[in-house]
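Next come the chains, spelled out residue by residue.
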Amino acid sequence: MVNLKTSIAGIPLESYFFNASGPKCMTLEELLALAASNSAVVMSKSSTFEPREGNPEPRYCNLEFGSINSMGLPNLGYKKYAEFAPLLKVQTTKPYFVSVSGLKLAENMEMLKYLSEIKDIDALELNLSCPNVIGKPQICYDFDQTREVLREIEKVAKKPLGLKLPPYFDFVHFEEAASIINKHNIAFVTCINSVGNALFIDPEKEVVVIKPKGGFGGLGGAYIKPIALANVRKFRELLRKEIQVIGVGGVDTGVDAFEFLLCGADAVQVGTTFQKEGVKCFARLETELKAYMFQKGYDDISDVKGKLKTL
Ligand code: RRO
């Protein structure tokens, strides 16, 4: 039997797959569905200080090779994701991770401090890469701001802390980001958020496909898999070995996950495919990855992790 068990921040996970903070993880009902599924973790939608309605609709569109979204952080506010923690633990023993995406440093500090005290929350993922809040650039594209944020949040986050990173495209940027992260008590990075400010158009109707920001939004799914793989591979190479790397971006089949494993990902998250297929995607992905590894004669993810060959 192929073993897909892994661990993140010392927390054992039953499999290699869980949901990305994004689709279908905003309400208690959605989180309970994840608790009952094969997702190895229940991950919440990125939470803000106050509840948010998000951007006007249509704000999400499935595309032939992925998705584009400008949701604008709709969520119930961080206190709700704290209240949900014990309710989820009645249903499942699997870990519960809360994603945090404050609009200001002071809000992130307050939220991380508060959520750190909640017993039934296992880890926190700080989203420093949301591309869709009008007037708020992605923090991780500003290295001075990233430095300041990491210095401050480290003082208050008392749970294992991960960072959701945007895609980088230049080796100098990978190196600068990694050297900042390496100086802090970060348990994992999640690579990558959607590729921000893409523009998808319907040529027949001569119109954009989502309403906010004139149609500009974050691109996800198969379109971005090569970018996600590159980011996982580079961060694995540049980060201290204690900092784990979670892959996300275009995981639609077991073979996609195998590619992330070769690049060194400790686990993968599923966004666009989970939005399209619902919770049943997790069992399918597990079956497919196990079958592919079995066919290749591998028993365990450690047989493959980071073993990508170069020419
Ligand atoms: O809610 C969103 O618009 C959103 C967020 Br917070 C994010 O981090 N990434 C994304 O593609 N959409």
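Here, every reference points to the structure presented above.
Residues numbered from 1 in each chain as written. Predicted model: local features only at pLDDT ≥ 70, side-chain atom pairs only at ≥ 80, totals over all residues. Heavy atoms only, no water.

Points about the packing of helix 2 (residues 78–91) against helix 3 (residues 105–116)
A packed helix pair is summarised by two numbers, namely the angle formed by the two axes and the spacing between the axes.
Step number 1: Look at helix 2 against helix 3: their axes get within 10 Å of each other, and the N-to-C directions meet at 10 degrees. Accordingly, the angle class assigned to the pair helix 2 and helix 3 is roughly parallel. Contact with helix 2, carried on its side by Tyr78, Lys79 and Ala82, involves Glu110, Met111, Tyr114 and Leu115 of helix 3 and no other residues of that element. (Axes fitted to C-alpha atoms, helices over the stretch in contact; angles between N-to-C directions. Helix = DSSP H or I, 4+ residues; strand = E, 2+ residues; numbered from the N terminus. Parallel < 35°, antiparallel > 145°, perpendicular 65-115°, else oblique. Contact = heavy atoms within 4.5 Å.)

Considerations on the sheet that holds strand 16 (residues 267–270)
Step number 1: On the basis of which strands lie adjacent, the open sheet formed by 8 strands has the order 3-16-15-10-9-8-7-4 and parallel pairing. Each edge of the open sheet is held by one strand with a lone partner, namely strand 3 (17–19) and strand 4 (42–43).
Step number 2: Pairing of strand 9 (residues 161–165) with strand 10 (residues 188–191), which is carried by 4 bridges, proceeds in the parallel orientation. Among the inter-strand pairings, Leu163 is bridged to a residue of strand 10, identified as Val189. (Pairing = 2+ DSSP bridges.)

Quick look at helix 6 (residues 225–238)
Step number 1: Its 14 residues give helix 6 an end-to-end C-alpha distance of 20 Å, which sits within 8% of 20 Å, the value for a rise of 1.5 Å per residue.
Step number 2: Those residues of helix 6 that sit buried are Lys225, Ala228, Leu229, Asn231, Val232, Lys234 and Phe235.
Step number 3: For helix 6, the secondary structure elements touched by its buried residues are strand 9, helix 5 (171–181), strand 10, strand 15 (244–248) and helix 7 (254–262). (Expected span 1.5 Å × (residues − 1). Buried < 20%, exposed > 50% of the residue type's maximum accessible area, 1.4 Å probe, protein only.)

Some words on helix 7
Step number 1: Among the 9 residues in helix 7, 7 count as buried, and that is most of the element.
Step number 2: Looking only at helix 7, the buried set comprises Gly254, Asp256, Ala257, Phe258, Phe260, Leu261 and Leu262.
Step number 3: Against the buried residues of helix 7 lie strand 3, helix 6, strand 15, strand 16 and helix 9 (280–296).
Step number 4: One or two positions beyond helix 7, positive phi appears at Gly264, with a value near 105 degrees.

Keep in mind these values describe shape, not function.
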